[in-house]
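So you can see what is in the structure, the chains are spelled out below.
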Amino acid sequence: MDEYSRFVDWDKMDVSAQSQDTKELTCTDLHELKQLARQGYWAKNHSLRAKVYHKLISNIPCRTVTPDANVYRDIVVKIIGKRNSSSLPLPEFVDNSLIPTYCLNAEGIGAVRKIILCIANQFPDISFCPALPSVIALLLHYSKDEAECFEQVCRILACNDPSKRLIDQTFLAFESSCMTFGDLVNKYCQAAHKLMVAVSEDVLEVYSDWQRWLFGELPMAYIARIFDVFLVEGYKVLYRVALALLKFFHKVRAGQPMESDSIQQDIRAFVRDIAKSVSPERLLEKAFAIRLFSRKEIQLLQMANEKALQQKGITVKQKSCLLVFQQNVHLAVHAENFKSEIVSVKEMRDIWSWIPERFALCQPLLLFTTLEHGCSLSRFYSHSEGHEPTLLLIKTTAKEVCGAYLSTDWSERRRGGNKLSFFGTGECFVFRLQPEVERYEWVIIKHPELASAGSETENHAQPASSTLSSSSIPSDPSDRLSPFLAARHFNLPSKTASMFMAGSSECIIVGGGDGQALYLDADLNHGRTSHCNTFNNQPLCSESFQISILEVWGFRD
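The shown structure was predicted, so the numbers you read here are calculated from the model rather than taken from an experiment.

The rules behind the values
Residues numbered from 1 in each chain as written. Predicted model: local features only at pLDDT ≥ 70, side-chain atom pairs only at ≥ 80, totals over all residues. Heavy atoms only, no water. Helix = DSSP H or I, 4+ residues; strand = E, 2+ residues; numbered from the N terminus. Buried < 20%, exposed > 50% of the residue type's maximum accessible area, 1.4 Å probe, protein only. Areas by Shrake-Rupley, 256 points an atom, 1.4 Å probe, with all protein chains shown as cover. Salt bridge = Lys/Arg side-chain N within 4 Å of Asp/Glu carboxyl O. Contact = heavy atoms within 4.5 Å. pLDDT = per-residue confidence, 0-100. Axes fitted to C-alpha atoms, helices over the stretch in contact; angles between N-to-C directions. Parallel < 35°, antiparallel > 145°, perpendicular 65-115°, else oblique. Left-handed = near helix turned anticlockwise from the far one by under 90°. Nonpolar A, V, L, I, M, F, W, Y, C, P; charged D, E, K, R; others polar. Core = buried A, V, L, I, M, F, W, Y, C linked by side-chain atoms within 4.5 Å. Domains from an automatic or database assignment. Phe/Tyr/Trp six-rings, centres within 6.5 Å; stacked < 30°, edge-to-face > 60°. Expected span 1.5 Å × (residues − 1). Pairing = 2+ DSSP bridges. Polar contact = N/O pair within 3.5 Å; in protein donor to acceptor, adjacent residues only side chain to side chain.

A.B. asks: A description of the overall build of the protein should follow, citing residues and the corresponding values.
C.D. replies: Helix and strand counts for the protein stand at 20 helices and 11 strands. Across the 557 residues of the protein, 58% fall into the buried class. Taken as a whole, the protein presents about 23,900 Å² of accessible surface, with 47% of it coming from carbon and sulfur.

So this is what it looks like as structure tokens:
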């Protein structure tokens, strides 16, 4: 077919989708490249795609000493010799059971293993890189020889642009990306997340498959289209597509019985057979329709997740560490260690499935309860301050149960002096457990059009006149528990800036989501809610209520 066909089995390739029209790519403008990549400009011309890949990868900023094609030619004989590469053990940083072959011929399949072994020789710092075999296999379809493919993969691995993340190469980076994906699912795919929680005992294990869906299970035509955009736009594209896959899985399988005993296996099977229900174009269309956080915000979230893992000592893939990790995440709310007068163990586990992944590593710790500490707002503050985040649970005399996840230390309220000032981050949310379970996202995140319209909260308090001052922002962004959702990241009018939570000596206000807001009086005996009818949601609880029990929970390592 062309000079880039050496490793391709054309009987496996969809030749009908290939165009022989001669095309060239001359543009260098990043915005135009993004549009062309998303449109699949070079997707139907094998030779053009190969040339575009070469051009894009050649422009990746790399370390000064990056192995090239000549290095491969020098070392491959020493490493492989005359032995059959299929008989050689692969390095531990790849999953030996998942080496995609896509549309490679026999020579290409053997070349994948040879290149992996040579990369292991040149990159001793790589400790965990399950996506590597897929990337090598894909690039071999568009390489003249093994050495050229090796050089291109090395450039991807050796990228030294701190703002351009490409492939995870450590267990810490990989595991934190899985936690970040879980956070994004919780935010953008709530229906699918609810299904995962209902049918899986280990939600994070399901989400830890997200890179496997892309670099392992997806057919060649799909991963190639994704890779087109990935080389132009970077890592964020992978999150987008994985979220879209989960949305389609939920849509197609909703209401149907599981095909296996494992939701994990069901998702893998769906992704392998995705051509039956979703085209590559439709998948990308869905992915880019998601209004995802910015690249900077996702990087900050990833940093926070990495820091949480490091604090737990989970930095390498060891069975003992993984066991502790899974126990911390999934047994944090253990029946033997947990006792609440408001919620059951199962209800607390449901709440745990809503909180950011990095805090699911912690165990609940009771800080305050009106049954023991009395109905005093000052005691509420004294027991809650110094803990970040916290969980507020309320049971009314009418047996209603509601609450709030509060991302910021209550001591922040003092920044406003004697005035009632608002603080917190967009990870705050309110929820209802009785009579029905409902979680409400913060109103300005989910419905940004309401930000300019103001809110009922303004009628009850005087919000801070501006967002958090620069002096209140730690120099290390990973020290913020929710850095990517801090108020300063939202271009909000001053009257609605930082309207997440507030407290004074007279009351507590939690600016809830979807039009919900919760107000508690100083005696902690009475409360009320406000409800915006715009979204036809049920209110948190009665508009005016009496508190039977109130509890505040912290998060213990």
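A.B. asks: Requested: an account of the pattern of salt bridges, with residues and values cited.
C.D. replies: Inspection of the entire model under this criterion finds 19 salt bridges. The salt bridge involving R225 is made with E281; its shortest N-O contact spans 3.2 Å. With R225 in helix α11 (residues 220–233) and E281 in helix α14 (residues 280–289), the pair connects residues that are 56 residues apart, well separated along the chain. Taking relative accessible area as the criterion, E281 reaches 45% and is therefore assigned partly exposed. Residue R432 pairs with E436 through a salt bridge whose shortest N-O separation is 3.7 Å.

A.B. asks: Requested: an account of the side chain of S208, with residues and values cited.
C.D. replies: Counting through the fold element by element, S208 comes out in the loop between α9 (203–207) and α10 (210–217). With sequence-adjacent residues up to four places away left out, S208 is seen in contact with F174, E175 and C178.

A.B. asks: Before we move on, could you go through the confidence of the model for the protein and cite the residues and values that matter?
C.D. replies: Of all residues in the protein, 80% attain a pLDDT of 70 or more, and the chain-wide mean is 81. Residue range residues 319–331 is modelled with pLDDT below 50. Its contacts to residues more than four positions away, or to other chains, number 26 contacts. Low confidence marks residues 443–498, where pLDDT is under 50. Its contacts with residues over four positions away, or in another chain, come to 111 contacts.

A.B. asks: A description of the packing of helix α2 (residues 46–58) against α11 should follow, citing residues and the corresponding values.
C.D. replies: With their axes 10 Å apart at the nearest point, α2 and α11 run at an angle of 30° to one another. With respect to α11, the element α2 is oriented roughly parallel. Handedness of the α2/α11 crossing: left-handed. Facing α2, whose interface residues are R49, Y53, L56 and I57, α11 presents A224, R225, F227, D228, L231 and V232. Here the contact of α2 with α11 is composed, by residue class, of 7 nonpolar, no polar and 3 charged.

A.B. asks: An account of the nonpolar core is requested, with residue identities and associated values reported.
C.D. replies: A general trend in soluble globular proteins is that nonpolar side chains are found buried together. W42, I119, I136, I156, W210, I226 and L283 are the most contacted members of the largest nonpolar core, which totals 124 residues. Residue contributions to this core peak at 11 residues, all from helix α12 (residues 236–253). Structurally, this core is a two-domain feature, drawing no fewer than three residues from each of domain 1 (1–167) and domain 2 (170–321). Membership of the second largest hydrophobic core comes to 28 residues, among which are W410, F500, L518 and L520.

A.B. asks: Outline the packing of aromatic side chains, supporting the account with residue identities and numerical values.
C.D. replies: Within the structure shown, the criterion is met by 26 aromatic pairs. When the ring of Y53 is compared with that of F227, the centres are 5.6 Å apart and the planes differ by 75°; the resulting orientation is edge-to-face. With Y53 in helix α2 and F227 in helix α11, this pair connects stretches of sequence that are 174 residues apart. The class of Y53 is buried, set by a relative accessible area of 1%. For F227, a relative accessible area of 2% gives the class buried. A centroid spacing of 4.9 Å and a plane angle of 20° characterise the contact between W352 and F555, whose relative ring orientation is stacked. Placement of W352 in helix α17 (residues 345–352) and of F555 in strand β11 (residues 544–556) is noted, with a sequence separation of 203 residues between them. You can call W352 buried: its relative accessible area is 6%. For F555, a relative accessible area of 14% translates into the label buried.

A.B. asks: Can you tell me about helix α15 (residues 295–311), naming the residues and giving the values?
C.D. replies: Along its 17 residues, α15 runs 24 Å from first to last C-alpha, staying within 8% of the 24 Å computed at 1.5 Å per residue. Within the sequence span of α15, burial applies to E297, I298, L300, L301, Q302, A304, N305, A308 and L309. Following α15 by one or two positions, G313 adopts a phi angle in the positive range, close to 75°.

A.B. asks: With reference to specific residues and values, describe the packing of helix α3 (residues 69–80) against helix α6 (residues 146–157).
C.D. replies: Helices that pack against each other are described as a pair by the angle of their axes relative to one another and the distance between those axes. As a packed pair, α3 and α6 sit with axes 8 Å apart at the nearest point and diverge in direction by 120°. Taken together, α3 and α6 sit at an angle that is classed as oblique. For α3 against α6, the interelement crossing comes out right-handed. Taken together, the residues of α6 that come into contact with α3 (itself represented by A69, Y72 and R73) are E146, A147, E148, F150 and E151.

A.B. asks: Any chance you could break down the pairing of β11 for me, citing the residues and the numbers?
C.D. replies: Bridge count for strand β1 (residues 363–369) against β11 is 6 bridges, and the pairing is antiparallel. For T369, the partnering residue across the bridge sits in β11 and is E551. In this structure, strand β2 (residues 390–396) lies alongside β11, joined through 6 bridges in antiparallel fashion. Note on β11: the bridge partner recorded for T396 is I547.

A.B. asks: Explain α2 to me, and be specific about the residues and the numbers.
C.D. replies: Here α2 spans 18 Å end to end across 13 residues, near enough to the 18 Å set by a 1.5 Å rise per residue. Taken together, the buried positions of α2 are occupied by H46, S47, L48, R49, A50, V52, Y53, L56 and I57. For α2, the secondary structure elements touched by its buried residues are α1 (30–39), α5 (132–140), α6 and α11. If you check the start of α2, you find a side-chain oxygen 3.3 Å away from the backbone N of S47, and it comes from N45.

A.B. asks: Hey, could you go over the pairing of strand β5 (residues 429–434) for me, with residue numbers and the actual values?
C.D. replies: Counting buried positions over the 6 residues of β5 gives 5, a clear majority of the element. Where strand β3 (residues 401–406) lies against β5, 5 bridges are found, and the strand directions are antiparallel. Paired with C402 across the strands is R432, a residue of β5. Where β5 folds back onto strand β6 (residues 438–440) in an antiparallel hairpin, the turn is made up of 3 residues.

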